[in-house]
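What the coordinates show
These are the residues of each chain, in order.
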Amino acid sequence: MSPVQDLNDLVFFAEVVERGGFSAASRALDVPKSRLSRRIAQLEASLGVQLLQRSTRRLSLTPAGEVYLRHCVAVREAAEAGAAEVAQVRKEPRGLVRLSCPVTLAQSNVGPALPEFFSRHPGVQLEMRVVNRPVDPVEEGVDVALRVRNEVENSATLASRVFGRSQLLLVGTPALLARHGPLTHPESLEQVECVAMSAADARAGTLLQGPGGATHLLMQTPRYLANDLLTLSFAVEQGVGIGFLPDYLCREALQAGRLQSVLPDWQPPPGLVHAMFTPRRALVPAVRAVLDFLGEVLAEPPERSPLA
């Protein structure tokens, strides 16, 4: 009679293979890498076959490993589906959800709304990583990765959900704009004081789309650089220069009249506010609750304009 297997080892094996190595699986499972390596070795010993080919660069499956992986994935998915159905019967999402979010989006929209989420779902714990870099949900063990990009990544392993658009607006103080007189075309902006996120962005220029499909590559020499949009917005509101800010960050200042939109008919292409996640994690009630809540918070206003 064969020894009873620890079903955790099947999950460990599936995660190591699907995430491409022990380090990524360790982060996703919150299990020490040394323990994972030891458990997989013990699993191979108990089965009497080698499942993984190990090298300094990568892991690959042996023929036996390919066969065994299918069964491990089936066991894991059955367990997760069972847990999800039990949670659905319980009707109250529970558990930890790991979310990554760009800094400005966290500060302006997502962060302020989270108390409402916790009041609705007291059984959910949320770990939010606020970072200004692309986060890979598989590699970094994140359940939901919020992104703002011109296009949604076409991925064979990740699913996506688009919540709305984010428009960069070129804005400045009324006093600064009054000093430079009427600004009627993007060419007239090149002599106006400006601020920017990075020197590289300024050197590359900003593509503007105008009436009738016209385009213009705006080239400027910033007098102030800051790699954080909230910090940059302080300079724009103090009249240091005009600058591109996300609509959700400057909408209140536009409504109050502290800022004005510059050439509103000429704007960069909009970004898509969206989430990336693995399809199987989206089946978990707590993750689904986070996605649904983000859909409410990040939905586009009914009428989108600089003062919407």
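Just so it is clear, the structure is predicted and the values come from calculations on it, not from any experiment.

Brief notes about the side chain of arginine 76
If you trace the backbone, arginine 76 turns up in helix H4 (residues 63-90). Owing to a relative accessible area of 3%, arginine 76 belongs among the buried residues under this scheme. Other than its neighbours up to four places away in sequence, arginine 76 contacts Val11, Ala14, Glu15, Glu18 and Arg280.

A look at the nonpolar core
Ranked by internal contacts, the top residues of the largest apolar core, which has 41 residues, are Leu105, Val110, Leu146, Val171, Leu291, Leu294 and Leu298. Within the residue set of this core, elements represented by two or more residues are strand S3 (95-101), helix H5 (103-120), strand S5 (144-149), strand S7 (168-172), helix H9 (229-237), helix H10 (247-256), strand S14 (271-277) and helix H11 (285-297). Split by domain, the residues of this core number at least three in each of domain 2 (95-166 + 271-298) and domain 3 (168-261). Among all residues touching leucine 105, those that are not within four sequence positions of it are Val110, Leu146, Val148, Tyr248, Val273 and Leu298. In this structure, Leu10, Phe12, Ala14 and Leu36 belong to the second largest nonpolar core, which totals 18 residues.

Points about the packing of H5 against H11
Contact geometry of H5 with H11 gives a least axis separation of 10 Å together with a crossing angle of 130°. Regarding the angle of H5 to H11, the classification is oblique. Relative to H11, H5 is oriented so that their crossing is right-handed. Between H5 and H11, the contacting residues are Asn109, Val110, Ala113, Leu114, Glu116, Phe117 and Arg120 on the first element and Ala289, Val290, Phe293, Leu294, Glu296 and Val297 on the second.

Structural notes on the packing of aromatic side chains
Counted according to the given criterion, the structure contains three aromatic pairs. Seen from their ring centres, phenylalanine 117 and phenylalanine 118 are 5.7 Å apart, and the 70° between their planes marks the pair as edge-to-face. The exposure class of phenylalanine 117 is buried, given its relative accessible area of 1%.

Describing unusual backbone geometry
Note on backbone geometry: most residues besides glycine have negative phi, and most peptide bonds are trans. For aspartate 30, which is not glycine, the phi dihedral falls at a positive 60°. Topologically, aspartate 30 is positioned in the loop between helix H2 (22-29) and helix H3 (33-47). Located in the positive-phi region is leucine 263, a residue other than glycine, with phi close to 45°.

Regarding the layout of surface pockets
There is about 1,200 Å³ of room inside the largest pocket. What lines the largest pocket is a set of 39 residues, among which Val148, Leu168, Met197, Asp201 and Leu229 lie closest to the centre. Residue assignment for the lining of the largest pocket shows that the elements contributing at least two residues are S3, H5, S5, strand S8 (195-196), helix H8 (199-204), strand S9 (206-209), H9 and strand S12 (243-246). The element contributing the most residues to the lining of the largest pocket is S5, with four residues. Residue classes in the lining of the largest pocket are distributed as 26 nonpolar, nine polar and four charged. For the lining of the largest pocket, the two domains that each supply at least three residues are domain 2 (95-166 + 271-298) and domain 3 (168-261). There is about 630 Å³ of room inside the second largest pocket. Taken together, 27 residues make up the lining of the second largest pocket; nearest its centre are Glu80, Asp143, Arg280, Arg281 and Val284. For the lining of the second largest pocket, the secondary-structure elements that each account for two or more residues are helix H1 (7-18), H2, H4, S3 and H11.

Remarks on the domain arrangement of the protein
Accessible area lost upon the coming together of the parts serves often as the stated size of an interface. By domain assignment, the protein separates into domain 1 (7-88), domain 2 (95-166 + 271-298) and domain 3 (168-261). When each unit is reduced to the centre of its C-alpha atoms, the spacing between domain 1 and domain 2 is 26 Å. Taken together, the contact pairs 12 residues of domain 1 with 10 residues of domain 2. The contact between domain 1 and domain 2 buries some 880 Å² in all, and 38% of this surface belongs to carbon and sulfur atoms. Of all residues in domain 1, Arg19, Arg27 and Glu80 give up the largest surface area on contact with domain 2, accounting jointly for 48% of the area buried on that side. The interface formed by domain 1 and domain 2 contains two salt bridges. Note that arginine 27 is salt-bridged to glutamate 139, the shortest N-O span being 3.9 Å. Only H1, H2 and H4 provide two or more residues apiece to the side of domain 1 that touches domain 2. Considering each element in turn, the side of domain 1 that touches domain 2 owes the most residues, five residues, to H4.

Definitions and cut-offs
Residues numbered from 1 in each chain as written. Predicted model: local features only at pLDDT ≥ 70, side-chain atom pairs only at ≥ 80, totals over all residues. Heavy atoms only, no water. Helix = DSSP H or I, 4+ residues; strand = E, 2+ residues; numbered from the N terminus. Buried < 20%, exposed > 50% of the residue type's maximum accessible area, 1.4 Å probe, protein only. Contact = heavy atoms within 4.5 Å. Core = buried A, V, L, I, M, F, W, Y, C linked by side-chain atoms within 4.5 Å. Domains from an automatic or database assignment. Axes fitted to C-alpha atoms, helices over the stretch in contact; angles between N-to-C directions. Parallel < 35°, antiparallel > 145°, perpendicular 65-115°, else oblique. Left-handed = near helix turned anticlockwise from the far one by under 90°. Phe/Tyr/Trp six-rings, centres within 6.5 Å; stacked < 30°, edge-to-face > 60°. 1 Å grid on protein atoms, 1.4 Å probe; cavity = no way out; pocket = protein on both sides within 12 Å on 5 of 7 lines; lining within 4 Å. Points joined across faces, edges and corners; volume = space filled by probe spheres on them. Nonpolar A, V, L, I, M, F, W, Y, C, P; charged D, E, K, R; others polar. Buried area = accessible area lost by both parts, 1.4 Å probe. Salt bridge = Lys/Arg side-chain N within 4 Å of Asp/Glu carboxyl O.

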